[in-house]
Amino acid sequence: MPSDFDKPYDPKAVEPEIYEKWEKSGFFNPDKLPKKWTKTFTIIMPPPNANGALHIGHAVFVTLEDIMTRFERMRGKKTLWLPGADHAGFETQVVFDKKLEKEGRSRFKIPREELYKEMLSFTLENKKIMETQLRKLGASCDWSREKFTLDPEIITTVYDTFKKLYGDGLVYRENKIVNWCTKHQTTLSDLEVKYVERKDPLYYIRYGPVTLATVRLETKFGDTAVAVNPKDKRYKNLVGKEIEIKTLLGPAKIKVIADGAVDQKFGTGAVKVTPAHDPNDFEIWKRHKDEIPGPRVVIDQYGRMDLREFWDRPNSKKYHGLKVMEARKIMEEDMQKEGLMVKIDPDYAHAVATCYKCGTILEPRILPQWFVRMTAKPSLRDLAVRAVKKGEVKFIPARTEKIFMHWMKNLRDWNISRQIVWGIRIPAWYCGCAEIIVSPDPPAKCPKCGSKNLVQDPDVFDTWFSSGQWPFATLGYPNGKDFKTFYPTDVMETGHDILFFWVARMIMLGLYRTGKIPFRTVYLHGLVRDKDRQKMSKSKDNVIDPLGVAELYGTDALRLALVIGNTAGNDIIISEEKIRGYRNFANKIWNATRFVLQEIKKSPPKAEKSDKIKLGKLKRLVKETTRDLESHRFHHAAEHLYHFFWHYYADKVIEEMKKKPNPLLLLEFHRTLIKLLHPFLPHITEKIWEELPGPAGGKNKKLLMIESWPKP
Ligand SMILES: [Zn+2]
């Protein structure tokens, strides 16, 4: 009978067939593994955003997490890798906005319910594609436990957490100055702000007896004070006094105040205070509330001048409705004509806050938003810092701990309100009195004023607020059997770019809600770059589609290419040549198997003389591979196996056997190597295992995925 091994290796035929066998076996589900396997090993998969195809970064996490999962499963652990999909709030909103734009539509013109429905079906469609793709990458995760961030039970957990935080005074709603994207019409958290270096004119303007410097000339209409440093001798006699100034809207009076936050070295040491449009000025106003007028809004939510407050003043209509940058230019000219401009420094370099998605310069706004209190006592921050200091959560690479601690030190309260429809709606109700009712269902009436006219907060949660609860939410906290069995989980493996967005928040919220850390080890991988170390992007035309190359060269080859040379926290270099190289390796393994099968057929293994030197080398390899995998040095284990197989086993041992056959030794080598290679190249090794005789002769009956790991 001709065997598959008479032909060259064909991953396209083998890989889907093998995956189906695994899935049918039920062994992805820890409950279906042998009863005596009791020690658990758990990874919660970072749920990919269900708004597009998987990219190469996803293939990295699938590969690394699958290696760990398969290794621990073969070591006899009750292994759970729980998959999921993320509705991905603002991220998906941005993707969907672009889709609408192409269709000549705008989300701002679609009724809420309708838009939500449309986005849900878009997301569920993508989710299905994503699941197929995860299967294609060989992920041995338990599909029976798959979760979606908008599953009703997840939302219930998120609501419970919000309610508890509210009860503990750790979330609050306040009218504060926040980051606002005029294109996306939503606020953003501090982490979603991208600072870019820009050169802009710095204007020195005349304010009565004072000259002050500003870049954002247009905010001038919203000034409510002039501030100087209390130590600044130049302005000592002006502090506390009202000065008369000439403005583009006519004469006005403004007060000079002293505040320690003013930098004496910036410009002339005197600055204007615009509390409605600058976060620092907002803080200054809060400290001087009794002395100066409150915020005066002069820019609207679309980034246009709003001067209705000055309607009775000459010229106000001239600037009203202009875009910020247009207004700045015209005001510059007008102020020069009026003699209000002292000088202009044309190339002032400064950092500008922009939207991390669209690059639009953010216009700070004052809005009532929900904030998570991060640094109050007892604080979420302290919980996390303490756990990390005690070594309860370990980072790989270790240098991450320092970065983590630094960020925690500089934390500010976290704005979790978003003005989009895509997400979990904030379960807070208002009626017009000061009372806020936090409840998932509409309350019958306000307990304070009795009003039955309650409206729900229109905003949704920052998606990271809900995904920050992912490990315990997916396991059914507090009463789920899975929570009791699998929490705390073992490893959180994810990209280092979301250390603060996600990992830090999971640690804080996990500890707050369950009293336990969510995971013991955090493994962070780097960014995937091309062979010239360039970031992959459509515009550079250097994007490698993981599914495309898997189709061409096999998933196993792609996986090995993503592991070898990939050290924790550092960029991962990949190219098609590299993947092709590992396809050749798969062929090498396949051809070696053909030889082994032929040899064994010729003379079945019996008690041949053992070869202590060769077996000693093999034993050492088992030991080192095990140690490398235990300490998460996947690249090291993979490289080692590759070289051993190719340059020692194939080039030396097999060549020698051609002259001096020793089928028993040959089979021992082959069985051990196939087992060791399984976590890295799961499909081809499983296929080979089917054909390979067991130590007592006859084909292997058990799947390789649950075979026992070679004893070191
Ligand atoms: Zn934006």
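About the cut-offs
- Residues numbered from 1 in each chain as written.
- Predicted model: local features only at pLDDT ≥ 70, side-chain atom pairs only at ≥ 80, totals over all residues.
- Heavy atoms only, no water.
- Donors = N, O, S within 2.8 Å, 3.2 Å for Na, K, Ca; no water.
- Helix = DSSP H or I, 4+ residues; strand = E, 2+ residues; numbered from the N terminus.
- Buried < 20%, exposed > 50% of the residue type's maximum accessible area, 1.4 Å probe, protein only.
- Pairing = 2+ DSSP bridges.
- Axes fitted to C-alpha atoms, helices over the stretch in contact; angles between N-to-C directions.
- Phe/Tyr/Trp six-rings, centres within 6.5 Å; stacked < 30°, edge-to-face > 60°.
- Lys NZ or Arg CZ within 6 Å of the ring centre and 35° of its normal.
- Domains from an automatic or database assignment.
- Parallel < 35°, antiparallel > 145°, perpendicular 65-115°, else oblique.
- Left-handed = near helix turned anticlockwise from the far one by under 90°.
- Contact = heavy atoms within 4.5 Å.
- Nonpolar A, V, L, I, M, F, W, Y, C, P; charged D, E, K, R; others polar.

Our focus in this paragraph is the coordination of the zinc ion. Taken together, C181 (SG), H184 (ND1), C355 (SG) and C358 (SG) make up the protein donors of the zinc ion, found 2.1 to 2.4 Å from the metal. Donor residues for the zinc ion, ordered by position in the chain, follow C-x2-H-x170-C-x2-C. Pair noted here: C181 is in strand 5 (residues 171-181) and C358 is in the loop between strand 13 (341-355) and strand 14 (365-372), with a separation of 177 residues, a long-range link. By relative accessible area, which is 0% here, C181 ends up buried. Given the relative accessible area of 27%, C358 is considered partly exposed.

The strand order 8-7-13 describes an open sheet built from three strands, whose pairing is antiparallel. At either margin of the open sheet sits one strand with a lone partner, and together these are strand 8 (210-214) and strand 13. Taking the axes of each pair of neighbouring strands and ignoring which way they run, one obtains an average angle of 20° across the sheet. One ladder, built from five bridges, connects strand 7 (residues 193-207) with strand 8; its direction is antiparallel. Residue pairing for strand 8: I205 is matched across the bridge by L212.

Within the open sheet, the four strands sit side by side as 6-5-14-16. Their pairing is antiparallel. Each edge of the open sheet is held by one strand with a lone partner, namely strand 6 (186-188) and strand 16 (414-415). Note that strand 5 and strand 14 share eight bridges and pair antiparallel. Among the inter-strand pairings, V171 is bridged to a residue of strand 14, identified as V372.

Summed over the entire model, instances satisfying the criterion amount to 35 aromatic pairs. Arranged with centres 5.6 Å apart and planes meeting at 80°, the rings of F472 and Y477 form a pair that is edge-to-face. Ring plane angle 45° and centroid distance 6.4 Å describe the contact between Y648 and F669, whose orientation is recorded as tilted. One end of the pair, Y648, is in helix 19 (residues 634-659); the other, F669, is in helix 20 (residues 663-677), and 21 residues separate them in sequence. The exposure class assigned to Y648 is buried, which follows from its relative accessible area of 13%. What makes F669 buried here is its relative accessible area of 0%. An aromatic cluster is defined as three or more aromatic residues linked by ring pairs; in this entry it consists of Y582, F585, Y642, F644, F645, W646, Y648, Y649 and F669. The ring centre of W143 lies 4.2 Å from the NZ or CZ of R135, which sits over that ring.

Taken as a whole, the chain is organised into domain 1 (188-355) and domain 2 (576-706). The C-alpha-based centres of domain 1 and domain 2 are spaced at 72 Å.

Let us now look at the packing of helix 18 (residues 612-630) against helix 19. For the pair helix 18 and helix 19, interaxial distance at closest approach is 9 Å and the crossing angle is 165°. The pairing of helix 18 with helix 19 is recorded here as roughly antiparallel in orientation. Classified by chirality, the crossing of helix 19 by helix 18 is left-handed. In this structure, helix 18 uses K614, K617, L618, L621, E624, T625, D628 and L629 to contact helix 19, whose residues at the interface are F634, H636, A637, H640, L641, F644, Y648, V653 and E656. Class assignment of the residues belonging to the contact of helix 18 with helix 19 gives a composition of nine nonpolar, three polar and five charged.

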